[in-house]
Amino acid sequence: MTADHRRAAVLCGIGTWLPPRVVTNDDLAQQLDTSDEWIRSRTGIRERRVIDPGTSTSDLAVEAGARALKSAGGGNVDLVIVATTTPDHPCPSTAPEVASRLGLTGVPAFDLNAVCAGFVYSLATAVGHIVAGIASRVLVIGADTFTTVLNPHDRTTVAIFGDGAGAVVLRAGTADEPGALGPFDLGSDGTNAELLIVPAGGSRQRGSGQPLDPADVHFRMDGQPVFRNAVTRMSESAAKVLAQAGWRIEDVDRFACHQANARILTAVARTLEVPEERVVMNVDRVGNTVAASIPLVLADAAAAGDIVPGHRVLITSFGAGLGWGSTVITWPDIDLG
Ligand code: UT7
């Protein structure tokens, strides 16, 4: 293989944090008309983590961010991106507070809202900053407390979402190093925005003036078309990024797909013809953690020895917007904490 000395963004640290409270399917069945059997068979989820009152997205982000920085050997970064759809406040963004609590006051910091695709969009944004020479070391955090926007009486959404955070540190390096990210495939489809939406609380339906309609303040989802779109968009996007990378499907050692539903993961893997044993999964333990999903499943699989240095990993995600994104990485030899 010829050397490729182009400037690239290289993964050099990873860290995660889950709130301690475990909510099992049986716990949900005590409050809602559902059952462990239904949730397991339709989604593969057994339990999820849920924050307690008083905890917010920034709390999870700071814990994951601190662990990622430690894994990267400490030191500063020159950009912080927080991928989230559940910021601490509508204004300001959450990233500056997260940066300050990590001892990074003064460093540029912003939120990126691309819902479940937010982490991959944020990776692409960080790569762009590094390759353009605007930054040389970036902390990318995916953090969401999506349980805070759910209707507690909606059994469909309460069953599938959980809270959590995951983070990585990217440093400037070269394209031929293990850990170099990319290429990327990103996409969106606003014509299907209504399929997953919190109707109120934004500029179209604000709290000031007219009182908010209580039916509109929670997340709504039309599950079946979302399922179909998730399978199609992630399969197409993953195939595109493989072609850009020049990888064949048999080159993929591990497939890290957004952890929305075990049936979605299986369907995407089958469409791409990735053998099931190469698909990494933690949706059974954490549910759908939105922007935290990809770093959480990567870190879990690496900690379990299921992803090892040298593995070629295909990453793909999909969510509200609609939005989707994919990338590839050859897993580096990093400290897992
Ligand atoms: O990041 C993207 C985020 N969203 C997703 O990925 C969601 C994608 N969609 C899905 O994962 C699935 O569509 C769901 C898991 C949400 C639903 O599974 P499904 O197999 O598509 O079920 P369904 O919507 O066709 O509903 C079948 C039945 C309905 O009852 P009726 O109308 O047949 O009487 C639902 O009301 O299952 C009912 N149901 C439940 N029953 C027990 C829906 N949620 C539950 C529940 N417990 N938690």
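The shown structure was predicted, so the numbers you read here are calculated from the model rather than taken from an experiment. (Residues numbered from 1 in each chain as written. Predicted model: local features only at pLDDT ≥ 70, side-chain atom pairs only at ≥ 80, totals over all residues. Heavy atoms only, no water.)

A. Quick look at the UniProt feature "domain: Beta-ketoacyl-[acyl-carrier-protein] synthase III N-terminal" (unreviewed entry) in the chain. What UniProt calls "domain: Beta-ketoacyl-[acyl-carrier-protein] synthase III N-terminal" (unreviewed entry) maps, in this numbering, to residues 110-190. Along residues 110-190 the backbone is 25% helical and 37% strand, and the end-to-end C-alpha distance reaches 23 Å. (UniProt positions renumbered as here; feature names shortened; annotations may be inferred. Helix = DSSP H or I, 4+ residues; strand = E, 2+ residues; numbered from the N terminus.)

B. Region of interest: the UniProt feature "domain: Beta-ketoacyl-[acyl-carrier-protein] synthase III C-terminal" (unreviewed entry) in the chain. Residues annotated in UniProt with the feature "domain: Beta-ketoacyl-[acyl-carrier-protein] synthase III C-terminal" (unreviewed entry) correspond here to residues 242-331. Its end C-alpha atoms 16 Å apart, residues 242-331 is made of 33% helix and 22% strand.

C. Just the sheet that holds strand β8 (residues 181-188), in detail. On the basis of which strands lie adjacent, the open sheet formed by four strands has the order β8-β13-β12-β11 and mixed pairing. With partners counted over all chains shown, the strands left at the sheet margins are β8 and β11 (254-257), one partner each. Adjacent strand axes in the sheet meet at a mean angle of 15°, parallel and antiparallel pairs treated alike. Against the sheet, helix α7 (residues 223-245) engages β8, β11, β12 (312-319) and β13 (323-330), with an angle of about 145° to β12. Across the sheet, helix α8 (residues 262-272) lies against β11 and β12, angled at about 135° from β11, the strand it touches most. (Pairing = 2+ DSSP bridges. Axes fitted to C-alpha atoms, helices over the stretch in contact; angles between N-to-C directions. Contact = heavy atoms within 4.5 Å.)

D. Region of interest: the sheet that holds strand β1 (residues 7-17). Spatial ordering of the open sheet is given by β1-β7-β6-β4-β5, a layout of five strands whose pairing is mixed. Two strands bound the open sheet, and with one partner strand each, they are β1 and β5 (109-112). Across the sheet, the axes of successive neighbouring strands diverge by a mean angle of 20°, strand direction being ignored. Across five bridges, strand β4 (residues 79-83) lies against strand β6 (residues 137-144) in parallel orientation.

E. Unusual backbone geometry, seen in detail. Residue P183 follows G182 across a cis peptide bond; omega there is 5°. Position of P183 among the secondary structure elements: in strand β8. The omega torsion across G321 and L322 is -10°, close enough to zero to call that bond cis. As for its position among the elements, L322 is in the loop between β12 and β13. Positive phi outside glycine occurs at V115, with the angle close to 50°. Along the chain, V115 falls in the loop between β5 and α5 (118-131). The buried category is assigned to V115, whose relative accessible area is 13%. (Buried < 20%, exposed > 50% of the residue type's maximum accessible area, 1.4 Å probe, protein only.)

F. Structural view of the packing of α7 against α8. It is at 9 Å that the axes of α7 and α8 come closest, and there the two elements cross at 40°. One finds that α7 runs oblique with respect to α8. Crossing hand, α7 versus α8: right-handed. Here F227, A230, V231, M234, S235, A238 and A239 of α7 come into contact with α8, specifically with R263, I264, A267, V268, T271 and L272. The class makeup of the residues in the contact of α7 with α8 is 10 nonpolar, two polar and one charged. (Parallel < 35°, antiparallel > 145°, perpendicular 65-115°, else oblique. Left-handed = near helix turned anticlockwise from the far one by under 90°. Nonpolar A, V, L, I, M, F, W, Y, C, P; charged D, E, K, R; others polar.)

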